[in-house]
Every structure is written in structure tokens, then in C-alpha cells.
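Architecture at a glance
The residues making up each chain are set out below.
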Amino acid sequence: MSKSKEFVSSLAFVVAGNFVIALGVSLFILPLNILSGGVAGISVAVQPIFHLPPTFVINFLTVALFVVGACFLGKQFAFKTIISTLIYPVFITLLTNVLGDVQITQNPLLGSIYAGVCTGVGIGLVYRVGASTGGMDIPPLVINKFTKKFHFQVLVMCIDGMTVILGASTYGIEAAMIGLVSVFDLWTGYQ
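Not measured: the values here are computed from a predicted model.

1. Focus on the overall build of the protein
- A tally of regular secondary structure across the protein gives 7 helices and 0 strands.
- In sequence order, the protein lays out its α and β elements as α-α-α-α-α-α-α.
- Computed over its C-alpha atoms, the radius of gyration of the protein comes to 16 Å, within 12% of the 16 Å expected for a compact globule of 191 residues.
- Over its C-alpha atoms, taken along the principal directions, the protein stretches across nearly 50 × 40 × 30 Å.
- Expressed as a percentage of its 191 residues, the buried residues of the protein come to 47%.
- Contacts in the protein between residues far apart in sequence, at least 24 positions, make up 76% of those at least 6 positions apart.
- When the accessible surface of the protein is summed, it comes to about 9,700 Å², and 71% of that surface belongs to carbon and sulfur atoms.
- Where the 8 positive side-chain charges of the protein centre and where its 6 negative ones centre are 22 Å apart.

2. Thoughts on the environment of methionine 136
- Position of methionine 136 relative to the elements: it lies in the loop between helix H4 (108-128) and helix H5 (138-147).
- For the pair methionine 136 and glycine 38, spaced 98 residues apart in sequence, the C-alpha to C-alpha distance is 5.0 Å.
- Once you skip the residues sitting within four places of it in the chain, methionine 136 turns out to touch Gly38, Val39, Ile42, Leu65 and Ile159.

3. Thoughts on the packing of aromatic side chains
- Applying the stated rule across the entire model yields 4 aromatic pairs.
- Aromatic pair phenylalanine 19 and phenylalanine 91: ring centres 5.3 Å apart, planes at 85 degrees, arrangement edge-to-face. Of the two residues, phenylalanine 19 is situated in helix H1 (residues 3-32) and phenylalanine 91 in helix H3 (residues 54-98); the sequence distance between them amounts to 72 residues.
- By relative accessible area, phenylalanine 91 is classed as buried at 17%.

4. As for the nonpolar core
- If you look at the biggest cluster of nonpolar residues, it comprises 40 residues, and the most contacted ones within it are Val25, Ile29, Val39, Ile58 and Tyr88.
- Broken down by secondary-structure element, the contributors of at least two residues to this core are H1, helix H2 (38-50), H3, H4, H5, helix H6 (152-171) and helix H7 (173-187).
- In this structure, isoleucine 29 is in contact with Gly24, Ile34, Ser36, Ala40, Val44 and Ala115, ignoring residues within four places of it in sequence.

5. With respect to the side chain of threonine 163
- Note that threonine 163 resides in helix H6.
- Threonine 163 has contacts with Ser36, Gly37, Gly38, Gly41, Ile42 and Ala45, leaving out every residue within four places of it along the chain.

6. Remarks on H2
- For H2, built from 13 residues, the straight-helix expectation of 18 Å at 1.5 Å per residue is met to within 8% by its first-to-last C-alpha distance of 18 Å.
- Maximum bend of H2: about 30 degrees, positioned at valine 44, with proline proline 48 one to four residues after it.
- Looking at the buried positions of H2, the neighbouring elements they touch are H1, H3 and H6.
- Directly beyond the C-terminal end of H2, a positive phi value near 55 degrees is found at histidine 51.

7. What about the packing of H1 against H3?
- Viewed as axis vectors pointing N to C, H1 and H3 meet at an angle of 45 degrees, and their least axial separation amounts to 10 Å. Classified by the angle between their axes, H1 and H3 sit oblique to one another. By crossing handedness, the relation of H1 to H3 is classed as right-handed. Residues Leu11, Val14, Val15, Asn18, Phe19, Ile21, Ala22, Leu23, Val25, Ser26 and Leu30 of H1 form the contact with H3, whose own contacting residues are Pro54, Thr55, Ile58, Ile83, Ser84, Ile87, Tyr88, Phe91, Ile92, Leu95 and Thr96.
- Here the residues of the contact of H1 with H3 sort into 17 nonpolar, 5 polar and no charged.

Procedures and definitions
- Residues numbered from 1 in each chain as written.
- Predicted model: local features only at pLDDT ≥ 70, side-chain atom pairs only at ≥ 80, totals over all residues.
- Heavy atoms only, no water.
- Helix = DSSP H or I, 4+ residues; strand = E, 2+ residues; numbered from the N terminus.
- Rg over C-alpha atoms; globule rule 2.2 N^0.38 Å.
- Buried < 20%, exposed > 50% of the residue type's maximum accessible area, 1.4 Å probe, protein only.
- Contact = heavy atoms within 4.5 Å.
- Areas by Shrake-Rupley, 256 points an atom, 1.4 Å probe, with all protein chains shown as cover.
- Lys, Arg positive; Asp, Glu negative; His and termini not counted.
- Charge placed at Lys NZ, Arg CZ, Asp CG, Glu CD.
- Phe/Tyr/Trp six-rings, centres within 6.5 Å; stacked < 30°, edge-to-face > 60°.
- Core = buried A, V, L, I, M, F, W, Y, C linked by side-chain atoms within 4.5 Å.
- Expected span 1.5 Å × (residues − 1).
- Bend = angle between axes of the 7 residues up to and from the residue.
- Axes fitted to C-alpha atoms, helices over the stretch in contact; angles between N-to-C directions.
- Parallel < 35°, antiparallel > 145°, perpendicular 65-115°, else oblique.
- Left-handed = near helix turned anticlockwise from the far one by under 90°.
- Nonpolar A, V, L, I, M, F, W, Y, C, P; charged D, E, K, R; others polar.

Structure, rendered in C-alpha cells:
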């Protein structure tokens, strides 16, 4: 395959993966306040505390974590992550505005399962071409770079688990248990 075809193919996977992730967030995580991992889970967890729009928190954290990743992980990481950093906030903003009133289910457990499937599939598409979704993948990557002690997947699970625990303090234990279902499904995207 030529370099230009390979680049277009990789770009298509990154765009499609980010779209699927944003779709899962817009259809399930935000409307049902699911305490998933990642920046979407953080936005849900802190919303009752700071009363900021979840899309603002998601977009802010996505860009801020990209800057951290570029500083600590270098130019190659930044190059592979910039596309996700730019299009994910756009997809989140557009989809939450377009689908704002669409509610596929009112069942948080069902929503958590489908949110996890969407984000897992989306992450799998992005990782398939060696790219990164950015966001909360960055802290585990930084920790792994400097410690080499823990596998990346274990660090992702720990950080996503901490996000769910943060959410337990604002939404309660049952909401956190439902969020863990989403985190488990999401984790399959890292495999």
C-alpha cells in the first residue's frame, strides 16, 4: 500500500473511532450520567460539584491532557494524537447538540453496557492504526514511560476505577457499580 493510501486509511480509522466514542458518550454516558472512565466519566462525576456543562469539561480536559502528553511523551505521540484531540471535541459538541433530546434507553445498566461497547469499539479502531485517543489515556502513558513497572492496560483500569470512585462520592455506590460495567466493556478496546 502506498504511503498516501496508508495515511488516508489510518485517518479514516481514527475519525471513525472518535465518532463511535463520541456517539456512545452522547447517547448513553451524558444523558444517563454514567460514571464511565475517561474524560466523559470525569465530566459526569464533577458536574454536581462544579455545575459546568459536561461538553465543556470533556473538551477542556481533552486539550489540556494533549498538552501534557506532548510535553512528556514527545513529538511522535503529539503527531499521532492531534487528530483525536481536534475531532473528538468537535464530535462531542455536535452530537450532544444534535442528539440532545434523543434518549434510546432510560435504563442506566443497559446504557452503561452500550456506552462501554461504543467506547471499546472506538478505541479499538483508533489503536488498530497505532494512534491514540488522547484524553485519559495520557496519564497512564506518562506513568508507564517513567516507571515501566505497570502495564498500560492496568494503569488505564486503575485510573478509570478512580474516576468511578470519584463519581461514587457524588452519585452513590449504585451509580458507581453501573459505571464499572461501562469501564469493563471499555477495557476490551485496549486488548
